[in-house]
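# Notes for the structure review
Here is how the chains run, residue by residue.
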Amino acid sequence: MHLLILVYGALCLWLFYNQSIAVLPETGNGRFQSDLPLHLSMVLEDGWYYSFTAIVYQVLDVMFFHSTLGVAIFLCVVAVATVYATDVLLGEFDFGNAGFRRLLLALSLNFVMPIYVEWVGEFRYVSYQSGNIWHNSTYLCMRLAAVWSLIWYFRLERQYREGLTGKQWLGFALINVLCTGIKPSFLLVYSPIVGIFLLVDLIRGVPLKRVLLFGSALLPSGLVILWQNTVLFGKDTGSKIELALWKNFSQHTQIPKVAVLLSVLFCFLALLFGLIVFMRNGGNAAEKDKMQGRRMVFVLLMTVLGFLEALLFSESGYRASAGNFLWGYYFCIFVLFALSATIWLRPAKGTFENVSKWILGLVYGLHLYCGLYFFALLVSGVGYFM
């Protein structure tokens, strides 16, 4: 598995380097087309940035004598590290011990994409929604940091009622600052749900000082968002946030609602399967499963919030067609697939569960095939807008 992940890393290195030196066409889909040349140009030529990745790109530009190879290596490391971070996240979802099986699932989760149906959406990526994206460097970096932020939250959430150490608080605050500084999308879908869960705990009798201490670790990230808001929506930018129902989902899709379903069909069926099994068991859950249920509700609420933000809000100005309110929802889809996969692969009892698992396996296989096919096209030089 480690060798296979290294092969994936080598392919990513080839892809990201070619993306970094690609010449973008005025219109259409050029070879190795991505957002990376634009991100590098904004930082290295225009001196305009809102993301912490800009600092990394500036340093790598100097270290590699103004070659983009350093950026390609950096993004390759990020992509490979995300596979291993996904493996740890699966452990937080109580999916067995670390090993071949869990790492194989983690790697596959870094490929799954929407089930492509041409008459629903013409383009394999932009007509749908996916947690796996190889053309946007800030999303790639944010996703890695966001996975670790979520892991930290799940671990500290188990013990914060007894108190957190200064080291734990500082580490949690810093990972959230880092993630937000790369791209603010994760904090916008994550922090409100953290707030809801802390409020519920307070109502249930958790001491106020414990709740405030844990929640205060997110406050430094709020300061980062204020800075980003000034850069992205300042007076001279010409950009504003506006209400635009379904705009983000409809720009490149013939049937937006069906495209939304095909993007998460496996997740929908897996969660439905889990609900039916839970009801067949009389609604009873072991103490161990109650914690997993709490995490499941957290991920579901986060996904719903991400979907609502993408559904309702858009930008005006020159970024009006960029769909930037989708990034948080994309990350939620990534986590939702991981959670749904653990439901699918739990031991089955009886004919219904066994048959259901085979059906889920087929649907997951379709998602995985579409992702592998898309990645193969990208590596061969086809631009992402296809």
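The structure contained in this document is the topic of the report that follows. (Residues numbered from 1 in each chain as written. Predicted model: local features only at pLDDT ≥ 70, side-chain atom pairs only at ≥ 80, totals over all residues. Heavy atoms only, no water.)

### Re the overall build of the protein chain
Across its full length, the protein chain holds 16 helices and 2 strands. In terms of overall dimensions, the protein chain is globule-like: its C-alpha atoms have a radius of gyration of 21 Å, near the 21 Å expected for 386 residues. Projected onto the principal axes, the alpha-carbon positions of the protein chain cover approximately 60 × 50 × 45 Å. For the protein chain, with 386 residues in total, the buried portion stands at 53%. Partitioning the contacts of the protein chain with sequence separation of at least 6, the portion at a separation of at least 24 is 76%. When the accessible surface of the protein chain is split by element, carbon and sulfur atoms take 69% of a total near 17700 Å². Charge-centre separation for the protein chain: the mean point of 26 positive side chains lies 10 Å from the mean point of 20 negative side chains. (Helix = DSSP H or I, 4+ residues; strand = E, 2+ residues; numbered from the N terminus. Rg over C-alpha atoms; globule rule 2.2 N^0.38 Å. Buried < 20%, exposed > 50% of the residue type's maximum accessible area, 1.4 Å probe, protein only. Contact = heavy atoms within 4.5 Å. Areas by Shrake-Rupley, 256 points an atom, 1.4 Å probe, with all protein chains shown as cover. Lys, Arg positive; Asp, Glu negative; His and termini not counted. Charge placed at Lys NZ, Arg CZ, Asp CG, Glu CD.)

### Points about the packing of helix H1 (residues 2-21) against helix H16 (residues 350-379)
Viewed as axis vectors pointing N to C, H1 and H16 meet at an angle of 45°, and their least axial separation amounts to 9 Å. Compared by their axis directions, H1 and H16 come out oblique. Contact residues: Tyr8, Leu11, Cys12, Trp14 and Leu15 in H1; Phe375, Leu378 and Val379 in H16. Looking at the contact of H1 with H16 residue by residue, the classes come out as 8 nonpolar, no polar and no charged. (Axes fitted to C-alpha atoms, helices over the stretch in contact; angles between N-to-C directions. Parallel < 35°, antiparallel > 145°, perpendicular 65-115°, else oblique. Nonpolar A, V, L, I, M, F, W, Y, C, P; charged D, E, K, R; others polar.)

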